[in-house]
Amino acid sequence: MDYQFRTIEKKWQKFWASNQTFKVSNTSNKPKYYVLDMFPYPSGAGLHVGHPLGYIASDIFTRYKRLKGFNVLHPMGYDSFGLPAEQYAIQTGQHPAITTDTNIKRYREQLDNIGFSFDWSREIRTSSPSYYKWTQWIFMQLFNSYYNTDMDKAQSIESLIAKFEQNGSEGVHAVSDEDASNFTAADWNHFDEERKQVELLKYRLAYLRESSVNWCQALGTVLANDEVKDGVSERGGYPVIQKKMMQWSMRITAYAERLLEGLDTVDWPEPLVEMQRNWIGKSIGASVKFEVADRQEPTFVEVFTTRVDTIYGVSFVVLAPEHELVASLVKAEQQQEVDQYIEQTKKKSERDRMADTRSVSGAFTGSYVLHPLTEEKIPVWIADYVLAGYGTGAVMAVPSGDQRDYLFAKHFNLPIIKILDSQQLEEEADSRKEGVYVHSDLINGLTYEAAVPVLIKELEKKKAGKAKINFRMRDAIFGRQRYWGEPVPVYFKNETPYLIKEQELPLLLPEVDKYLPTESGEPPLGRAKDWKYQQMYEYELSTMPGWAGSSWYWYRYMDAENDRVFASKEAVDYWKAVDLYIGGSEHATGHLLYSRFWNKFLKDIGVVKEEEPFKKLINQGMIQGRSNFIYRLLDENGTGTNTFVSYGLLQQYKTTALHVDVNIVHNDVLDLAKFRSSRPEYENADFILEDGRYVCGHEVEKMSKSKFNVVNPDDIIAQYGADTLRMYEMFLGPLEQSKPWNTNGIEGVYKFLRKFWKLFHDPQLNFHVSDERPTKAELKSLHKIIKKVEDDIERFSFNTSVSSFMICVNELTDLNCNKREILQELIVVLSPYAPHICEELWELLGNEAGSLSYVSYPKFNPDFLIENEFEYPISFNGKMRMKLNMSLSLEPDDIEKEVLNNEDVQRYIDGKQPKKVIIVKGKIVNIVV
RNA sequence: GCUGAAGUGGUGGAACUGGUAGACACGCAGGACUUAAAAUCCUGUUCGCCCUAAAGCGAGUGCGGGUUCGAUUCCCGCCUUCAGUACCA
């Protein structure tokens, strides 16, 4: 029989499913191993060839680990809440649950076609009530907790109430809002219920606070930064402004230090760890208070600075235009200018404000603050380069040390004060800390190291500042003005939020007539009829963000069907943490940070054991699209014709480029017949060919429908089979690297599998293996691959394994090897990569069907690889010129003698005495002349 | 802007710890088989120079420098592309 991948692959996929080959138990005497993939969002477009890249890698790893004797948990599910389904619902009226369900079915079929060894009995969907019940449950725990800084962990809000009842706010060390009040126990006990709740909310880990959002009035909704382009909505082009809104938030900043420390304990790619460190952004500095001048009531502008040493260089203070003090600081004569500036700022997104460092803008408030050390009057400005959400939303501007402050000072003619004797300030700010201070009163003549403690001490003495650690990370906003997400299990009584009862979970997503905001601008849930808690109280109308469901899902896989807890204690104790997590680096700061945060919280409340959820993490690169172009000939008026010019002839013609569907292009050559029949207007198209072919241009772009570069794995599988797809995706290059998809090399992988198949068959394709003893050469080839694949998989270098398999099969083909002893072991080594063909041949060899998944990986024997000769490359001045075969037992001195006595070597050095001969045994000889 | 990553033949890539640059494939060219095509097999294929050929010479891993007997690999400066940047997931 020839290699019939269609029959073989269907046969084994069916076998695995009906025998539950990959169902895994929560108890085993084997060691456990947990391999997790980042689960997909089931989009309407279906899987494209980029999605399975990581899944194939993790499946190879999983199958390999099974062969190595581990009990492996390898589950899959769907992150099925999200915007695209909602967008589609808005357009079509179709309920997102229905589209989501359809999409999931499609995804499942596509995943099944690839032959993954997932334990599907553990499948989860974040949008199913049985799952989001527990997402809501975790939210409730967060709402019911506060962060105790004495114990450095989250504790129940009840214990905080007990403290308030006994001692008031005194002695409470907790992470809270800035405006948490001070009160005595007596005060607390006299507070009414509402007041108590208001105070408690300032401590809860899930809490309400005002935050700034991109508000689009015309769409009646909040937009993500990337839905906003140049101040207008991407959809519709309506104006977008920055608006403040009450929002649910997560006090992730309470965990900043622990999130930072945990990074030292995980085995993650260093760049990713670095990104998280930068995101958390710990900086050590000082907070300084500037008192507003000429006020009866003392008012302060508080700033955070990492360069308190530059305090004598402050020549103005800048507030973010949204800063709460701005309104009261503006003097009448400046009112108009400031108002105008604030209007202008509202139109800019935060990202625009950060990205634009060239243009300088700002407005003077008319007010002054007093320098805390010199008592001098300092003007207060507002400018959009200061962001409200960063630090305190105010900076002390030091033009001599900070480039943005420098440009601002130059632009508005504000003084630039030199503070270090080494500073060169003619062209730009100089932020170095070298030399000694000048014009700096207390610290004149001191160096940076000496100056900082002096200043901190003085500021503390004057109660004008103190040393402080600041984090760049902000509390995460947890509400979304959307329909297709988890409802927040909260209702309001007199504007105070209360949790519903735990027995009332899940709080189901109600039906609505349209998936749009209400006329009064409330989120879609505002449309739900009679949706009230106990028929009286308003529910929270926003839903949870996309990251809620994905911040704990790896626990649900451990015990996916439990309806009493999110996962049983036994399951959590057994599987502990994820041993290997594979996914895209685009999740570096979002998903991976939130997941770590929730995990730490769950540990604090005692329901999980591990401080870090993902022990080892591998990033897979993005698969980009590789678009193909055709070139339409333009006539003398510049209008398009129906003639297309081949890529190589472009210089001779005036043309315009058009995307062409990559599925009708093969190795950059256009299939003319398919092109003609693709659209009626191309039926009579003419072509100017080169060498009789139409060659297309190409470019790397995002994979998207609009660029006609989407490749569906199903098409590849129909043509070449799943085993070829699996191996080809690995063959494309290193897993971590981003690369464009193209099928140019896929034939080679397909040919390889056919060659492998032929090893087991005679020329007439009858199954035929021999029981003869293998030769030395055959054993060497086998043991080389046993070792190579083991090494490669352990370091996640899957592409190099594929090449090595090719080399191995080429060698065995040349040796005419059909020995059972060799081939049987080779099957096991190859099976993680190409499981279907291997199962089939395994059965043909007479083994029990399906037993291949749980056999042992062959044992490597180094004896078969021992060489006694080596072909030494002989280089002259580092350039390889010739090779000499020598015994590996020769010591460097003997090698030198033998090399220098060689005729060809003598000819090279032309009778001259070599300056130096470098010999690395078993590696190289280098002669310096 | 900030943070992170990547640039090697016509193409995807290999070279794992500073030691033979281009393994393995694709494509292309030539050949075998065939009435023909497909499939399959064989040979060649970094570029340039020289040459009937064998052989030889020179250059070469984004660009410019440096360290070293020796650099794709280490260091400094630049260029280009990609990703993230907090409501896409």
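Computed from a predicted structure; not experimentally measured.

Once that is clear, we can look at the overall build of chain A. Each helix and strand in chain A was counted, giving 29 helices and 35 strands. Taking the principal axes of the C-alpha coordinates as reference, chain A spans close to 100 × 85 × 75 Å. Taken across its 929 residues, chain A has 53% of its residues classed as buried. Partitioning the intrachain contacts of chain A with sequence separation of at least 6 by distance along the chain shows that 71% fall at a separation of at least 24. Total accessible area computed for chain A in this model is approximately 42,900 Å², and 49% of it derives from carbon and sulfur atoms. Charged side chains in chain A number 110 positive and 133 negative. The centres of these two groups are separated by 2 Å.

Those places that UniProt annotates as "domain: Leucyl-tRNA synthetase editing" (unreviewed entry) correspond, in this numbering, to residues 277-459. With 26% helix and 21% strand, the stretch residues 277-459 has end C-alpha atoms that lie 29 Å from each other.

Let us look at the nonpolar core. Judged by nonpolar contacts, the single largest core of 182 residues is most densely connected at Phe-139, Met-250, Tyr-553, Trp-598, Met-727, Phe-756 and Tyr-833. When residues of this core are assigned to their parent elements, the largest contribution, nine residues, is made by helix 5 (residues 129-143). Those residues in contact with Met-727 that sit more than four places away from it in its chain are Val-749, Phe-752, Leu-753, Val-802, Phe-805, Leu-830, Tyr-833 and Ala-834. In this structure, Ala-286, Phe-290, Leu-319 and Tyr-437 belong to the second largest nonpolar core, which totals 49 residues.

Our focus in this paragraph is the domain arrangement of chain A. Split by domain assignment, chain A resolves into domain 1 (5-138 + 552-620), domain 2 (282-471), domain 3 (623-714), domain 4 (745-864) and domain 5 (867-928). A separation of 49 Å is found between the C-alpha centroids of domain 1 and domain 2.

For helix 12 (residues 335-346), which comprises 12 residues, the first-to-last C-alpha distance of 17 Å matches the rise-based estimate of 16 Å (1.5 Å per residue) to within 8%. Along helix 12, the residues that are buried comprise Val-338, Tyr-341 and Thr-345. On an axial view of helix 12, the arc spanned by its buried residues comes to 65°, and they lie on one face. In helix 12, the exposed positions that point more than 90 degrees away from the buried face belong to Gln-336 and Gln-340. Those residues of helix 12 that are buried lie in contact with helix 11 (326-329), helix 13 (350-355), strand 13 (363-370) and strand 14 (377-382).

A few words now on the packing of helix 3 (residues 83-92) against helix 4 (residues 96-114). When two helices pack together, you describe them by how their axes are tilted relative to each other and by the distance separating the axes. Axis separation between helix 3 and helix 4 bottoms out at 9 Å; the angle between their running directions is 125°. Judged by the angle between their axes, helix 3 and helix 4 are oblique. Classified by chirality, the crossing of helix 4 by helix 3 is right-handed. Of the residues in helix 4, those touching helix 3 at Ala-85, Tyr-88 and Ala-89 are Pro-96, Thr-99 and Thr-100. When grouped by side-chain class, the residues that make up the contact of helix 3 with helix 4 number four nonpolar, two polar and no charged.

A cluster of acidic residues, Asp-192, Glu-193, Glu-194 and Glu-495, forms a negative patch at the surface. Position of Glu-495 among the secondary structure elements: in the loop between strand 18 (490-493) and strand 19 (496-499). What makes Glu-495 exposed here is its relative accessible area of 74%.

Strand order across the open sheet formed by four strands is 19-18-21-20, with antiparallel pairing between neighbours. Each edge of the open sheet carries a strand with a single partner, namely strand 19 and strand 20 (532-533). Relative to strand 19, strand 18 is paired through four bridges, and the arrangement is antiparallel. Bridge assignment links Lys-493 to a residue of strand 19, and that residue is Thr-496.

A few words on the packing of helix 5 against helix 19 (residues 591-604). Between helix 5 and helix 19, whose axes approach to 11 Å, the crossing angle comes to 70°. If you check the angle between helix 5 and helix 19, you find them roughly perpendicular. Handedness of the crossing formed by helix 5 with helix 19: left-handed. Of the residues in helix 19, those touching helix 5 at Thr-135, Ile-138, Gln-141 and Leu-142 are Phe-597, Trp-598, Phe-601 and Leu-602.

The next thing to look at is the protein's contact with RNA strand B. Lining the immediate surroundings of RNA strand B are 62 residues, of which Ala-224, Arg-351, Asn-744, Asn-810 and Asn-926 lie closest. Taking all atoms of RNA strand B within 4 Å of the protein, the share assigned to sugar and phosphate is 64%. At 3.1 Å, a backbone N or O of Arg-474 approaches a base nitrogen of RNA strand B. At a separation of 3.0 Å, a base nitrogen of RNA strand B approaches a polar side-chain atom of Lys-788. Looking at the surface near RNA strand B, the elements that each hand over two or more residues are strand 6 (221-223), helix 10 (270-280), helix 13, helix 23 (746-759), helix 25 (798-814), strand 33 (879-887), strand 34 (916-920) and strand 35 (924-928). Considering only residue class, the surface near RNA strand B consists of 23 nonpolar, 20 polar and 19 charged.

A cluster of nonpolar side chains, namely Ile-918, Val-920 and Ile-924, defines an oily patch on the protein surface of about 200 Å² accessible area. With respect to the helices and strands, Ile-924 occurs in strand 35.

On the secondary structure map, Thr-221 appears in strand 6. A relative accessible area of 5% places Thr-221 in the buried class. Apart from the residues lying within four places of it in its own chain, the contact partners of Thr-221 are Asn-214, Trp-215, Cys-216, Gln-481, Arg-482 and Pro-517.

This part covers the packing of aromatic side chains. Under the defined criterion, the tally for this structure stands at 71 aromatic pairs. On the numbers, 5.8 Å between centres and 65° between planes, the contact of Phe-675 with Phe-687 is edge-to-face. Of this pair, Phe-675 sits in helix 20 (residues 672-678) while Phe-687 sits in strand 29 (residues 686-688); the two residues are 12 residues apart in sequence, bridging distant segments of the chain. Each residue in the set Phe-39, Tyr-131, Trp-134, Trp-137, Trp-552, Tyr-553, Trp-554, Tyr-555, Tyr-557, Phe-566, Tyr-581 and Phe-614 is aromatic and connected to the rest through ring pairs, giving one cluster. Taking the ring centre of Trp-215 as reference, the NZ or CZ of Lys-243 above it sits at 3.8 Å.

Bringing the sheet that holds strand 23 (residues 614-620) into the picture now. Strand order in the open sheet made by the four strands is 2-1-22-23, with parallel pairing throughout. Strands at the two margins of the open sheet, each flanked by one partner only, are strand 2 (71-73) and strand 23. Across the sheet, the mean angle separating the axes of adjacent strands is 20° when strand polarity is ignored. Looking at chain direction, strand 1 (residues 32-37) and strand 22 (residues 578-584) are connected through three bridges and run parallel. By the bridge assignment, Val-35 is partnered in strand 22 with Leu-580. The strands touched by helix 2 (residues 52-67) are strand 1, strand 2, strand 22 and strand 23; relative to strand 1, the strand with the most contacts, the crossing angle is about 170°.

The next subject is the environment of Asn-29. Along the polypeptide, Asn-29 turns up in the loop between helix 1 (5-18) and strand 1. Assessed through its relative accessible area of 81%, Asn-29 is described here as exposed. Sequence spacing of Asn-29 and Phe-70 is 41 residues, and the spatial spacing of their C-alpha atoms is 9.2 Å.

Let us now look at unusual backbone geometry. Look at the link from Leu-505 to Pro-506: it is a cis peptide, with omega at -5°. Structurally, Pro-506 can be placed in the loop between strand 19 and strand 20. One non-glycine residue, Asp-441, lies in positive phi territory at about 40°. Of note in the backbone geometry, Asp-530 takes a positive phi value of approximately 50° without being a glycine. Here Asp-530 lies in the loop between strand 19 and strand 20. Exposure remark for Asp-530: the relative accessible area of 76% places this residue in the exposed category.

Looking now at the confidence of the model for chain A. Averaged over all residues, the pLDDT of chain A is 89; the fraction at 70 or higher stands at 100%. No element of chain A has a lower mean pLDDT than strand 30 (residues 697-701), which averages 75, and none a higher one than strand 2, which averages 97.

This paragraph deals with the side chain of Ser-315. One can find Ser-315 in the loop between strand 11 (300-305) and strand 12 (316-319). Within polar-contact distance, the side chain of Ser-315 engages the backbone oxygen of Pro-415 at 2.8 Å. With sequence-adjacent residues up to four places away left out, Ser-315 is seen in contact with Ile-378, Pro-379, Ala-397, Pro-399, Pro-415 and Ile-417.

Moving on: the environment of Pro-379. Relative to the helices and strands, Pro-379 resides in strand 14. Distance in space between the C-alpha atoms of Pro-379 and Thr-365 is 7.9 Å, their sequence separation being 14 residues. Beyond its immediate stretch of four places on either side in the chain, Pro-379 contacts Ser-315, Phe-316, Val-317, Phe-364, Ser-367, Tyr-368 and Leu-414.

Calculation criteria
Residues numbered from 1 in each chain as written. Chains lettered and ligands numbered in written order. Predicted model: local features only at pLDDT ≥ 70, side-chain atom pairs only at ≥ 80, totals over all residues. Heavy atoms only, no water. Helix = DSSP H or I, 4+ residues; strand = E, 2+ residues; numbered from the N terminus. Buried < 20%, exposed > 50% of the residue type's maximum accessible area, 1.4 Å probe, protein only. Contact = heavy atoms within 4.5 Å. Areas by Shrake-Rupley, 256 points an atom, 1.4 Å probe, with all protein chains shown as cover. Lys, Arg positive; Asp, Glu negative; His and termini not counted. Charge placed at Lys NZ, Arg CZ, Asp CG, Glu CD. UniProt positions renumbered as here; feature names shortened; annotations may be inferred. Core = buried A, V, L, I, M, F, W, Y, C linked by side-chain atoms within 4.5 Å. Domains from an automatic or database assignment. Expected span 1.5 Å × (residues − 1). Arc of directions from axis to C-beta. Axes fitted to C-alpha atoms, helices over the stretch in contact; angles between N-to-C directions. Parallel < 35°, antiparallel > 145°, perpendicular 65-115°, else oblique. Left-handed = near helix turned anticlockwise from the far one by under 90°. Nonpolar A, V, L, I, M, F, W, Y, C, P; charged D, E, K, R; others polar. Patch = residues over 30% accessible without salt bridge, like charges linked within 9 Å, V, L, I, M, F, W, Y side chains within 5 Å. Salt bridge = Lys/Arg side-chain N within 4 Å of Asp/Glu carboxyl O. Pairing = 2+ DSSP bridges. Near = heavy atom within 4 Å. Polar contact = N/O pair within 3.5 Å; in protein donor to acceptor, adjacent residues only side chain to side chain. Phe/Tyr/Trp six-rings, centres within 6.5 Å; stacked < 30°, edge-to-face > 60°. Lys NZ or Arg CZ within 6 Å of the ring centre and 35° of its normal. pLDDT = per-residue confidence, 0-100.

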